[in-house]
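# Structural description and commentary
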Amino acid sequence: MNATQERVSLTRALESPARAVVRLLDALANRVYGWRWNPVHQSGVLAVWLLIVLTVTGLYLLLFYRVGAPSASVARIAADPWLGSWVRSLHRYATDLFVIAAVLHALRLFAQARSWGPRRRAWASGVFLVGVGLVCAWTGFVMAWDTFGQRLAITGAALFDALPILSEPVGRIFAGDRAIPSAFFFINLFAHIALPLAMGAGLWLHVSKVARPVLTPPRRVKWWATAGLIAVSVLVPARLGPAADPFSLPGSTPLDLVTSAWVPVAERVPPLVTWSAALGFVSLMLLVPRLTRRRREGAWSPSYADPRHCTGCNQCPQDCPWEAITMVPRQDDRPTLLALVDPTLCVSCGICAGSCAPMGVGPPAITGREQLARLRAELVPAIGQRSAPIVVVCCAQTPVSIRKALGREGALVHEVSCVGNLHSSVVELSIRHGAGGVLIAGCPPRDCVGREGPKWLDQRLFHDREAELQARVDRRRVRVATFAPGCDAESMAAFVAFRSDIAAFEAPSAEARVELDVECDPVPLAVEDT
Amino acid sequence: MSAARVVVAVVTSAVVLLLLAASSATDVTWHDDEASELRLSWTARPERIEECRPLTEQERQARPLHMRQSFECTGHLATYDLTVTIDGDVRASEVVRGGGARSDRPLHLLRSYQIAPGARHLRLALQRREVVDSTPIPPLDTVAASPGDPNAARAALEARTRHERARAALPPFLLLDTLITFEPSRVVLVTYDHEARKLRTSRRNER
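Description of the structure in this document. (Residues numbered from 1 in each chain as written. Chains lettered and ligands numbered in written order. Predicted model: local features only at pLDDT ≥ 70, side-chain atom pairs only at ≥ 80, totals over all residues. Heavy atoms only, no water.)

### Thoughts on the environment of A:Gly384
Residues and elements named next belong to chain A. Looking at the secondary structure, you find Gly384 in helix α15 (residues 380-384). What makes Gly384 exposed here is its relative accessible area of 60%. Sequence separation between Gly384 and Ala435 is 51 residues, and the spatial gap between their C-alpha atoms is 8.3 Å. (Helix = DSSP H or I, 4+ residues; strand = E, 2+ residues; numbered from the N terminus. Buried < 20%, exposed > 50% of the residue type's maximum accessible area, 1.4 Å probe, protein only.)

Right, dumping it as structure tokens:
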């Protein structure tokens, strides 16, 4: 096994269990909430929404926090039953949920092989966002200056004092021989406010390479999540420990396990061990894009626009979710522009292939022509062997259980990497060769690996977006559905309903010869006699 | 969503959020039950061990005006042996020195020792390691002050500064030898009183 194969094997070994975990979580959440409102596969946008909640609640708490009396002012806030108590609790719980959502989001992207290549900036900025978010959380706990805040401050000071930076130990601030200067709490407060600004910049960087970034969850997920957090904040106010006392040794403290589970470990091991572990972990996270990268070949080949077929219609740059395609002047004598794919930005989703009417762009083996060739080789013979079968085009993320169930129901299953790269001619070809109907089933729109696959598919099939399904195709025989993990019954019900609807129509007739992808030579320019 | 699914979703969400709330403030052990702590914390300037020699008039005249000092001194900051003994058992014996890469900064001390509660005999000694004293500084009133001598004020300032610096520095030997009752889950703090130039204990926030 050569080095490349070894690296690929290691990558798969890391991603496979992650994928299994993500699929299990998705299946469970889909069963409970349905794929439309599943918060798990909207973990990234949920984290952003929680940042907004944290900002709003934080601004309120800032009105009442006093740097000169940190513990007393927070105790006063917590004692206010009308607003202060639950706003403070909401701020606390939103912090924990933000960290959980961000980690889930990272796990999901890693499991779906979306952490390398053009996505490495997003990954690195994501690591930065989580890291800064954690530091911001710690400064927030220290602000309250209860026993937990004190413990966090003392442990953090011990870590800094192990470094040969400051000659005076930071820990002396908390020793008790002198009052803790207000400047400490002021700097802490300043950091707590400034770090979210850095996170705003980090978020901008995080989505800078994405076209049309979606930053917040659907309205229902957003408001139900907020309502749930408010409810638990009212019913279970966040605990505030006793005020910090440098001369007291509490046997235990209330500790936030989500953000600070490392504290009891750091107290028991030498500081340099903690530093090494932390730096090692952060380095490993930043190296993930390198560890998970693939060769840009096969399924990972970037798209290519064939100059022979490109008509310069400008559709593929509009559809590309990664802004990897630009229109540039041609080098030949044709008057139109030419699509040019930047391979460093292309993630090989193939959505451009579905956008191109002349089938001139796409990753190798996924262009419109390649799709038709594959259809003719694999599916057309099978269609011919049955009477008006239903063709189900599903994406690579469709659970195996659903595919097997479809097979048992007599469907002809045709897999594509993403329904967003399905060329509408595939649908037309299937029907014109005798398929009773074509059901295209993709991932939930908010969970599409290609980001905008289901959205563009729907536009191309039913709303005349290039490359649109031709008007001559009977729309009654075409339907779009969503197949999600854990939604087997719902998915099969959609198939059965489609099949029933199809059965009510007259039987389709198969055409002997269907030519949708004939290549024509470009029409030469007329030369004017002068 | 069907009514049943709504109920399941609400219950699941409630369980998840309650788990979140519980994990947000879980009691975790910090200090051993009933243990006490002896904490040393102070900042003080170590004594400067210097060798000084008076400059001759010729040497002074050869220097620029702002460098015509009476004495020229070279030296380093002292280091100290810290020994902490509880009921005769040596809990700590180490060398402490000024901060910074060249040990030329003030001495910052922060140490903690777990002690079983009860009445204990505490002996804390901070002993200068350097045996040689600095060149004695002339008393203030012996500084030559001839009428009309342009360097008279400067010499007086020099002497005054050196005396103040010597007074502000740690003495060569500090000793705290006392019987202390260590209360459970409480800290006894030992710190350096700069005014009295001796070690003292403290048990609670006096501010």
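### Notes on the side chain of A:Arg108
All names here are of chain A. Here Arg108 shows up in helix α4 (residues 84-111). Assessed through its relative accessible area of 5%, Arg108 is described here as buried. For Arg108, the side chain forms a polar contact with the side chain of Asp447, separated by 3.0 Å. Among all residues touching Arg108, those that are not within four sequence positions of it are Val22, Asp26, Val40, His41 and Asp447. (Polar contact = N/O pair within 3.5 Å; in protein donor to acceptor, adjacent residues only side chain to side chain. Contact = heavy atoms within 4.5 Å.)

### A look at the packing of helix α8 (residues 219-235) of chain A against helix α1 (residues 3-24) of chain B
Taken N-terminus to C-terminus, the directions of α8(A) and α1(B) make an angle of 50°; their axes are 10 Å apart at the nearest point. Looking at the two axes, α8(A) sits oblique to α1(B). Classified by chirality, the crossing of α1(B) by α8(A) is right-handed. Contacts between α8(A) and α1(B) involve A:Gly228, A:Leu229 and A:Val232 on the former and, on the latter, B:Leu17, B:Leu18, B:Leu20 and B:Ala21. Class assignment for the residues of the contact of α8(A) with α1(B) results in six nonpolar, one polar and no charged. (Axes fitted to C-alpha atoms, helices over the stretch in contact; angles between N-to-C directions. Parallel < 35°, antiparallel > 145°, perpendicular 65-115°, else oblique. Left-handed = near helix turned anticlockwise from the far one by under 90°. Nonpolar A, V, L, I, M, F, W, Y, C, P; charged D, E, K, R; others polar.)

### A closer look at the sheet that holds strand β10 (residues 187-193) of chain B
Residue and element names in this part refer to chain B. Across the sheet, four strands lie side by side as β7-β2-β10-β11; this open sheet has mixed pairing. The open sheet terminates on both sides in strands that have one partner only, identified here as β7 (107-115) and β11 (198-202). Sheet twist, expressed as the average angle between the axes of neighbouring strands with direction ignored, equals 15°. The pairing of strand β2 (residues 36-44) with β10 spans four bridges and is classified as parallel. By the bridge assignment, Leu40 is partnered in β10 with Val190. (Pairing = 2+ DSSP bridges.)

### Quick look at the packing of aromatic side chains
Residue and element names in this part refer to chain A. All chains considered together, the criterion is met by eleven aromatic pairs over all chains. With 5.2 Å between their ring centres and 75° between their planes, Trp49 and Trp223 make a pair best called edge-to-face. Linking Trp49 in helix α2 (residues 43-62) with Trp223 in helix α8, this pair joins segments that are 174 residues apart in sequence. Trp49 sits in the buried class, given a relative accessible area of 10%. Accessibility expressed as a relative area gives 48% for Trp223, which makes it partly exposed. Residues Phe174 and Phe184 carry aromatic rings whose centres are separated by 5.2 Å and whose planes lie at 75° to one another, so their mutual orientation is edge-to-face. Taken together, the residues Phe174 in the loop between α6 (147-161) and α7 (182-206) and Phe184 in helix α7 connect sequence positions ten residues apart. For the pair shown, Phe174 and Phe184 are each scored as buried. Taken together through their ring pairs, the aromatic side chains of Trp145, Phe174, Phe184 and Phe185 make up a single cluster. Here the guanidinium or amino end of Lys222 rests over the ring plane of Trp49, the centre of that ring lying 5.2 Å away. (Phe/Tyr/Trp six-rings, centres within 6.5 Å; stacked < 30°, edge-to-face > 60°. Lys NZ or Arg CZ within 6 Å of the ring centre and 35° of its normal.)

### Comments concerning the sheet that holds strand β5 (residues 80-86) of chain B
Residue and element names in this part refer to chain B. Spatial strand order, β6-β5-β8-β9: four strands in an open sheet with antiparallel pairing. In the strand order of this sheet, the two ends are held by β6 (89-96) and β9 (173-182), each with one partner. Ignoring which end each strand starts from, the neighbouring axes of this sheet average 10° apart. Relative to β6, β5 runs antiparallel, the two sharing seven bridges. Its bridge partner being in β6, Val84 is matched across the sheet by Ala92.

### Quick notes on the side chain of A:Ser348
Assignment of secondary structure puts A:Ser348 in the loop between β4 (337-341) and α13 (351-355). A polar contact is formed between the side chain of A:Ser348 and the backbone oxygen of A:Ser301, at a distance of 2.9 Å.

### Re the interface of chain A and chain B
With 49 residues of chain A at the interface, the matching set in chain B holds 43 residues. Taking both sides of the interface into account, the surface hidden between chain A and chain B amounts to around 3800 Å²; carbon and sulfur atoms contribute 59%. Counting every contact that joins chain A to chain B gives two salt bridges. Taking the shortest distance from any N to any O, the salt bridge between A:Asp245 and B:Arg186 comes out at 3.4 Å. (Buried area = accessible area lost by both parts, 1.4 Å probe. Salt bridge = Lys/Arg side-chain N within 4 Å of Asp/Glu carboxyl O.)

### Quick word on the nonpolar core
Soluble globular proteins: nonpolar side chains tend toward being buried together. Counting residues in each nonpolar core, the largest one holds 29 residues, and the members touching the most others are A:Leu50, A:Tyr93, A:Ala94, A:Phe98, A:Met199, A:Leu229 and B:Leu20. Residue assignment for this core shows that the elements contributing at least two residues are α2, α4, α5 (120-144), α7 and α8 of chain A together with α1 of chain B. Top element by residues in this core is α2(A). It accounts for eight residues. Setting aside chain neighbours within four positions, we find A:Met199 in contact with A:Leu51, A:Phe98, A:Leu129, A:Val132 and A:Gly133. (Core = buried A, V, L, I, M, F, W, Y, C linked by side-chain atoms within 4.5 Å.)

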